Amino acid sequence: MTTQAGLWQQGTRQQALARLQQTFDLLVIGGGITGAGIALEGSRRGLKVLLLEQRDFAWGTSSRSSKLVHGGLRYLKQGALHLTRESVVERQQLLRDAPGLVQPQSFAFADYPGRKPGKLLLNAGLMVYDLLAGKRSRSYDKVDDFLLFAPHIGRENLRGGSRYMDAKTDDARLVLRVLQEAAGYGATLLNYAPVDKLLRQQQQICGVALHDALSGQQYQVQAKAVVNATGAWADVLRGEVGAKPMLRPLRGSHLLLPHWRLPVAQAISFMHPADGRPVFLYPWEGATLVGTTDLDHRDLQHEASITQAEVDYLLQALQFQFPDQNLGENDILSTYAGVRPVVNTGKSDPSAEGRDHVVLLEHDLLTVTGGKLTTFRVIALDVLSKLRTLLPEWQADLK
């Protein structure tokens, strides 16, 4: 039996299991975009890498994101200029390196009197956005021209609107692409291989015990360094080394509507009337994708799913921005939800929590969590820079 057969051919899984007898330089736990990025950047720099995933690659957050590769305009409002700059630079590199997989996506933001953020503030943010990207994409259109791009939005008091460029991707395909490249550099990749515990030798972490979920066979794997890249689940492994929980898992839920019910030629972004959070929608695989919520998620034992309150919240946003479309629950084709690994700083508003990644070395366990899909390469390089503490003999250019 094989899983995600497009990644490898019949028999390769048995070859990967046979390699578990080796000692690896780097063992990465977690097969989402963060783990995949670390496996790629490590293997291409000469490390013998093993990546383990307990389910399908990209099963968790990395197949349930908003599918956007973006700088994050709202991070400017929070003063996180460094995160926005980092994200915009990485967005441009992904557009260059993965054409077709990462695609430009135009966004439209309608201008109404009294609605935040307002024309001046938004255009100031877009100017900074363009400066960071080194490329101008923003424009402002009067009503008639703007309605060509967003013909179904509410027209009462509409003054025009701004447009700018970001990007989108199939997040799961992006993970598989990165893993394929890692395999090309010699990385060993194994899914359906849950880690049971960390192994220690003279109080030092020296590998992991795991089992093959398909056969039930047990394995002990030796590694010089172990990286915990399990995202929202990172506190579980951190607990094995006595570290205190630091994550605030946040659920982001999405709706998919038939394109004919809400036809959009590009992305439309606006602020939710209830709490001022950004909401967006854009064309996706023949449908219209709407997102997203940002709520505390406390049950990591079961797959995340949307709640009725979140359905109502997103429909309220659509009814506010598209009052003549008469959109309701019966128009929803499907929903999905993912859990963001956000570092808990104690803010009352979940959306006010930062989206920076953190890398911690705790009792020889290197943990990385937080961050954004867009910046997975930067995160991987940050992890590798910290890895030098565990692999002092390894020298590599991390630019």
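The shown structure was predicted, so the numbers you read here are calculated from the model rather than taken from an experiment.

Quick look at the overall build of the chain
So, step 1. Helix and strand counts for the chain stand at ten helices and 18 strands.
So, step 2. For 399 residues, the compact-globule estimate of 2.2 N^0.38 gives 21 Å, and the chain sits close to it at 22 Å.
So, step 3. Along the first, second and third principal axes, the C-alpha set of the chain runs to 70 × 40 × 40 Å.
So, step 4. Sequence-distant contacts, at least 24 apart, represent 70% of the contacts inside the chain between residues at least 6 apart.
So, step 5. Surface accessibility of the chain: about 17,800 Å² in total, with carbon and sulfur atoms responsible for 50%.
So, step 6. The positive charge centre, built from 44 side chains, and the negative charge centre, built from 40, are 4 Å apart in the chain.

Thoughts on the pairing of strand β2 (residues 49-52)
Successive residues of a regular strand alternate their side chains across the two faces of the sheet.
So, step 1. In β2, alternate side chains face the same way, and those of V49 and L51 on one face and L50 and L52 on the other are all buried.
So, step 2. Of the pairings in the sheet, the one linking strand β1 (residues 23-29) to β2 comprises four bridges and is parallel in character. Within β2, the position partnered with V28 by the bridge is L51.
So, step 3. Read from β1 through helix α2 (residues 33-43) to β2, the crossover connection turns out right-handed.
So, step 4. Pairing geometry for β2 and strand β7 (residues 188-190), over three bridges, is parallel. Among the inter-strand pairings, L52 is bridged to a residue of β7, identified as L190.

Examining the packing of α2 against helix α10 (residues 376-387)
So, step 1. Two elements in contact, α2 and α10, have axes whose closest approach is 8 Å; the angle formed by their N-to-C orientations is 60°. One element, α2, and the other, α10, form an angle in the oblique class. Crossing of α2 over α10 shows right-handed handedness. Contacts between α2 and α10 pair I33, T34, G37, I38, E41 and G42 from the former with F376, R377, I379, A380, L381, V383 and L384 from the latter.
So, step 2. For the contact of α2 with α10, the residue count by class is eight nonpolar, three polar and two charged.

Describing the environment of D296
So, step 1. By secondary structure assignment, the location of D296 is in strand β15 (residues 295-296).
So, step 2. C-alpha of D296 to C-alpha of T61: the two residues are 235 residues apart in sequence and 15 Å apart in space.
So, step 3. Not counting residues within four places of it along the chain, the set of residues in contact with D296 comprises R248, P249, L250, R251 and P350.
So, step 4. Here R248 takes part through its side chain, which lies 2.6 Å from a polar atom of the side chain of D296.

Some remarks on unusual backbone geometry
So, step 1. A cis amide bond, omega 5°, links K116 with the succeeding residue P117.
So, step 2. Looking at the secondary structure, you find P117 in the loop between β4 (102-111) and α5 (119-133).
So, step 3. Here the residue pair G291 and T292 is connected by a cis peptide bond, since its omega of -5° sits within 30 degrees of zero.
So, step 4. Relative to the assigned elements, T292 resides in the loop between β14 (287-291) and β15.
So, step 5. Positioned with a positive phi, K67 is a non-glycine residue whose angle comes to about 70°.
So, step 6. Checked against the element boundaries, K67 lands in the loop between β2 and β3 (68-69).
So, step 7. Among the residues examined, K67 registers a relative accessible area of 7% and is labelled buried.
So, step 8. One non-glycine residue with positive phi stands out, namely D364, at about 75°.
So, step 9. On the basis of relative accessible area, D364 is assigned to the partly exposed category, the value being 21%.

Observations regarding the pattern of salt bridges
Opposite charge on two side chains allows them to pair when their charged atoms are near.
So, step 1. By the definition in use, this model includes 21 salt bridges.
So, step 2. Linking R159 and D111 is a salt bridge whose minimum nitrogen-to-oxygen distance equals 3.0 Å. Residue R159 is found in the loop between α6 (143-149) and β6 (160-169), and its partner D111 is found in strand β4; the two are separated by 48 residues along the sequence.
So, step 3. Classification of D111 as buried rests on a relative accessible area of 7%.
So, step 4. Through salt bridges with shared partners, a single network forms among D25, K224 and E393.

Definitions and limits used
- Residues numbered from 1 in each chain as written.
- Predicted model: local features only at pLDDT ≥ 70, side-chain atom pairs only at ≥ 80, totals over all residues.
- Heavy atoms only, no water.
- Helix = DSSP H or I, 4+ residues; strand = E, 2+ residues; numbered from the N terminus.
- Rg over C-alpha atoms; globule rule 2.2 N^0.38 Å.
- Contact = heavy atoms within 4.5 Å.
- Areas by Shrake-Rupley, 256 points an atom, 1.4 Å probe, with all protein chains shown as cover.
- Lys, Arg positive; Asp, Glu negative; His and termini not counted.
- Charge placed at Lys NZ, Arg CZ, Asp CG, Glu CD.
- Buried < 20%, exposed > 50% of the residue type's maximum accessible area, 1.4 Å probe, protein only.
- Pairing = 2+ DSSP bridges.
- Right-handed = clockwise from strand over helix to strand, strands pointing away.
- Axes fitted to C-alpha atoms, helices over the stretch in contact; angles between N-to-C directions.
- Parallel < 35°, antiparallel > 145°, perpendicular 65-115°, else oblique.
- Left-handed = near helix turned anticlockwise from the far one by under 90°.
- Nonpolar A, V, L, I, M, F, W, Y, C, P; charged D, E, K, R; others polar.
- Polar contact = N/O pair within 3.5 Å; in protein donor to acceptor, adjacent residues only side chain to side chain.
- Salt bridge = Lys/Arg side-chain N within 4 Å of Asp/Glu carboxyl O.

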